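What the coordinates show
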Amino acid sequence: HTGITAIRDFNLHIAPGQKVAVIGRTGAGKSTLAQLLIRMYDPQEGKVMVDEEDVRYLQLSDLRGQISYVPQDVFLFSDSIANNIRFGDPSASLQAVQTAARQASVEKDILGFNEGFDTAIGERGVTLSGGQKQRISIARALIKDPDILIFDDCLSAVDARTEKEIIGNLYAYLKNKTAIIITHRIFALFEFDKIIVLDEGRIVEEGTHEDLLSLNGYYAELYTRQQTGEDEGITE
């Protein structure tokens, strides 16, 4: 225990099928939220519920079986691209692997390699860009076909055009799924049911895109900066 309180006075209800964005500066507690959901650790006070059940009383394999988590730091194995994507579902067919890659906007990149999906990555294989690694990690999450998806700032290494393409593809994929997208950017093209702004572990703003713009707070300021292109780290 570090003595640091990452999240406090926090209450968030997400209905099945809702898409929620969690926005905030670095260190606001965004990743802690994701890690509590997949039980990397448990809260010292309060509880995390999935389908009205406290996650502490669910089989860990059952809980994690229905959630796909795309972390900020991607871990890929020294293996083929296909097998790296298949890590989400080891029994998946090549067709399923290709579909997941298409949905994650990385299929074109993969087909550009001489050996396509059989291309080895890692020590003796090709070196992938940060954005390609992130998209392979997203494909790995999608192939699992989970009920809940958590994307933890996993588009930081892709350019704005690719990001728009991924968001467009994800939007169709996520139609009947519950999704939590943790980000320090605003995805104006994505219609979230709810957006929460975290600051020092507390929810300081909550609502739809329009609600938050009318509050004229952190979100509105971030959106204005993004529109004027002042902040390179934020894209439309």
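Read on for a plain summary of the structure.

Once that is clear, we can look at the environment of Ser137. Tracing the chain through its elements places Ser137 in helix H6 (residues 130-143). On a C-alpha basis, the gap between Ser137 and Gln72 in space is 9.7 Å, while along the polypeptide they are 65 residues apart. With residues near it in sequence (within four places) discarded, Ser137 still touches Val70, Pro71 and Val74.

It is worth spelling out unusual backbone geometry at this point. Phi angles above zero are rare outside glycine, and Ser105 is one such case at about 60 degrees. Tracing the sequence through the fold places Ser105 in the loop between helix H4 (94-103) and helix H5 (107-111). Positive phi values are uncommon outside glycine, yet Asn216 reaches one of about 60 degrees.

On to the packing of H6 against helix H7 (residues 160-173), then. The geometry of a pair of packed helices is captured by two quantities: the angle between their axes and the separation between those axes. The N-to-C vectors of H6 and H7 enclose an angle of 0 degrees; their axes lie 13 Å apart at closest approach. Classified by the angle between their axes, H6 and H7 sit roughly parallel to one another. From H6, Arg135, Ile138 and Leu142 reach across to H7, where they touch Thr162, Ile166, Leu170 and Tyr173. For the contact of H6 with H7, the residue count by class is five nonpolar, one polar and one charged.

This part covers the sheet that holds strand S6 (residues 178-183). Pairing in this open sheet of six strands is mixed, and the strands run S4-S5-S6-S1-S7-S8 from one edge to the other. In this open sheet, the two strands that pair with only one neighbour each are strand S4 (67-70) and strand S8 (202-207). Shown here is a sheet whose adjacent strand axes are inclined to one another by a mean of 15 degrees, direction ignored. Where strand S1 (residues 19-23) and strand S7 (residues 194-199) come together, four bridges link them in parallel fashion. Note on S7: the bridge partner recorded for Val22 is Ile196.

What counts, and where the lines are drawn
Residues numbered from 1 in each chain as written. Predicted model: local features only at pLDDT ≥ 70, side-chain atom pairs only at ≥ 80, totals over all residues. Heavy atoms only, no water. Helix = DSSP H or I, 4+ residues; strand = E, 2+ residues; numbered from the N terminus. Contact = heavy atoms within 4.5 Å. Axes fitted to C-alpha atoms, helices over the stretch in contact; angles between N-to-C directions. Parallel < 35°, antiparallel > 145°, perpendicular 65-115°, else oblique. Nonpolar A, V, L, I, M, F, W, Y, C, P; charged D, E, K, R; others polar. Pairing = 2+ DSSP bridges.

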